[in-house]
Amino acid sequence: MAGIKLHGNALSTAASRVLAALYEKEVEFELVPIDMIAGEHKKESFLALNPFGQVPAFEDGDLQLFESRAITQYIAREYAPKGTPLIFPDSKKMAILSVWAEVEAHTFDPPASKLKDELAMKPFLGLATDFAVVEEFEAKLGKILDVYETRLGQSKYLGGDCFSLADLHHLPIIHYLMGTQAKKLFECRPNVSAWVADITARPAWKKVVAMRAH
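All figures in this text were calculated on a predicted structure; none of them were measured in a lab.

Cut-offs and rules
- Residues numbered from 1 in each chain as written.
- Predicted model: local features only at pLDDT ≥ 70, side-chain atom pairs only at ≥ 80, totals over all residues.
- Heavy atoms only, no water.
- Helix = DSSP H or I, 4+ residues; strand = E, 2+ residues; numbered from the N terminus.
- Polar contact = N/O pair within 3.5 Å; in protein donor to acceptor, adjacent residues only side chain to side chain.
- Contact = heavy atoms within 4.5 Å.
- Pairing = 2+ DSSP bridges.
- Axes fitted to C-alpha atoms, helices over the stretch in contact; angles between N-to-C directions.
- Patch = residues over 30% accessible without salt bridge, like charges linked within 9 Å, V, L, I, M, F, W, Y side chains within 5 Å.
- Areas by Shrake-Rupley, 256 points an atom, 1.4 Å probe, with all protein chains shown as cover.
- Salt bridge = Lys/Arg side-chain N within 4 Å of Asp/Glu carboxyl O.
- Parallel < 35°, antiparallel > 145°, perpendicular 65-115°, else oblique.
- Left-handed = near helix turned anticlockwise from the far one by under 90°.
- Nonpolar A, V, L, I, M, F, W, Y, C, P; charged D, E, K, R; others polar.
- Phe/Tyr/Trp six-rings, centres within 6.5 Å; stacked < 30°, edge-to-face > 60°.
- Buried < 20%, exposed > 50% of the residue type's maximum accessible area, 1.4 Å probe, protein only.
- Lys NZ or Arg CZ within 6 Å of the ring centre and 35° of its normal.

Overview of the side chain of Ser-155
Relative to the assigned elements, Ser-155 resides in the loop between α5 (131–151) and α6 (165–168). Within the structure, the side chain of Ser-155 is placed 2.6 Å from the backbone oxygen of Tyr-157, a separation counted as a polar contact. The residues touching Ser-155, leaving out its near neighbours within four places in the chain, are Gly-160 and Asp-161.

What follows is the structure in structure tokens.
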């Protein structure tokens, strides 16, 4: 069987989302480093894998995929018997999971990513943070996390009583934000705070964090 190859790097939120899924499923894979500073993601060899020139790109035998959330869904289904179950066989439970996965992608991620860029990426690149933008998007994310606080008072995880893709997809952005002033948005909400502590302590995610440190 041809092995799995993930083209990207652990500092990428999208690539680390896939890394977390691979580690949760205990699937062997090869990480093919892509030096984005050197522009490797814009070279023809990479564009053949992802025509949009963004990491990650994914190969499993003759299957080629891009878009991190599509990749994690494939991993969860294709390797369902292995490791942590990340999806549910019951159609109604899966529908609830899918709702919260959609919330992550379309409601949580846009303001959270904006805050990550302003509070984590700009300082890393030596650029000035626009604190007016930070204030605007902290308010937006706070309103979203109010909804999360209610949801997480009803179930331990967003998709139900078990950890799933709906939770996993949040990990990369949360990891960045918890190292910034935006962590207060999570810590001031008891249910959200407990959820963040739970999912960020998972052994699979700790492996991704360790990769980022190298």
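Having put the structure on the table, let's press on.
With respect to the sheet that holds strand β2 (residues 29–33)
Spatially, the four strands line up as an open sheet ordered β2-β1-β3-β4, and their pairing is mixed. Both edges of this open sheet fall to β2 and β4 (63–66), since each of them pairs with a single strand only. Adjacent strand axes in the sheet meet at a mean angle of 20° when their direction is disregarded. Packing against the sheet, helix α1 (residues 13–24) makes contact with β1 (4–8), β2 and β3 (57–60), and its axis sits at approximately 155° to β1.

Concerning a nonpolar patch on the surface
On the surface, Phe-124, Leu-125 and Leu-127 cluster together into a nonpolar patch covering about 360 Å² of accessible area. Take Phe-124: it is sitting in helix α4 (residues 91–124).

Some details on the environment of Pro-203
Secondary-structure assignment places Pro-203 in helix α10 (residues 203–212). Taking the C-alpha atoms as reference points, Pro-203 and Ser-113, separated by 90 residues in sequence, lie 24 Å from one another.

Describing the packing of α4 against α5
Here α4 crosses α5 at 155°, and the two axes come no closer than 9 Å. Accordingly, the angle class assigned to the pair α4 and α5 is roughly antiparallel. You can see that α4 and α5 cross each other, and the crossing is left-handed. Here α4 contributes Ile-96, Trp-100, Val-103, Glu-104, Thr-107, Phe-108, Pro-111, Ala-112, Lys-114, Leu-115, Glu-118 and Leu-119 to the contact with α5, which in turn contributes Phe-131, Val-133, Val-134, Phe-137, Glu-138, Lys-140, Leu-141, Ile-144, Leu-145, Val-147, Tyr-148 and Arg-151. Its residues assigned to classes, the contact of α4 with α5 shows 17 nonpolar, one polar and six charged.

Some points on the packing of α5 against helix α9 (residues 190–200)
Where α5 contacts α9, the axes come no closer than 7 Å and their chain directions differ by 80°. Taken as axis vectors, α5 and α9 run roughly perpendicular relative to one another. Residues Leu-145, Tyr-148 and Glu-149 of α5 form the contact with α9, whose own contacting residues are Pro-190, Asn-191, Val-192 and Trp-195. Of the residues assigned to the contact of α5 with α9, the class counts are five nonpolar, one polar and one charged.

Examining the packing of aromatic side chains
Here the structure, examined in full by the defined rule, presents eight aromatic pairs. Ring geometry for Tyr-23 versus Phe-29: centroids 5.4 Å apart, planes at 70°, classification edge-to-face. Residue Phe-29 is classed as partly exposed on the basis of its relative accessible area, which comes to 22%. Following the ring pairs from residue to residue traces out a cluster consisting of Trp-100, Phe-108, Tyr-148 and Trp-195. A cation sits over an aromatic face here: Lys-116 above Tyr-176, 5.8 Å from the ring centre. One cation-aromatic arrangement involves Lys-140 over Phe-137; the distance from NZ or CZ to the ring centre is 4.5 Å.

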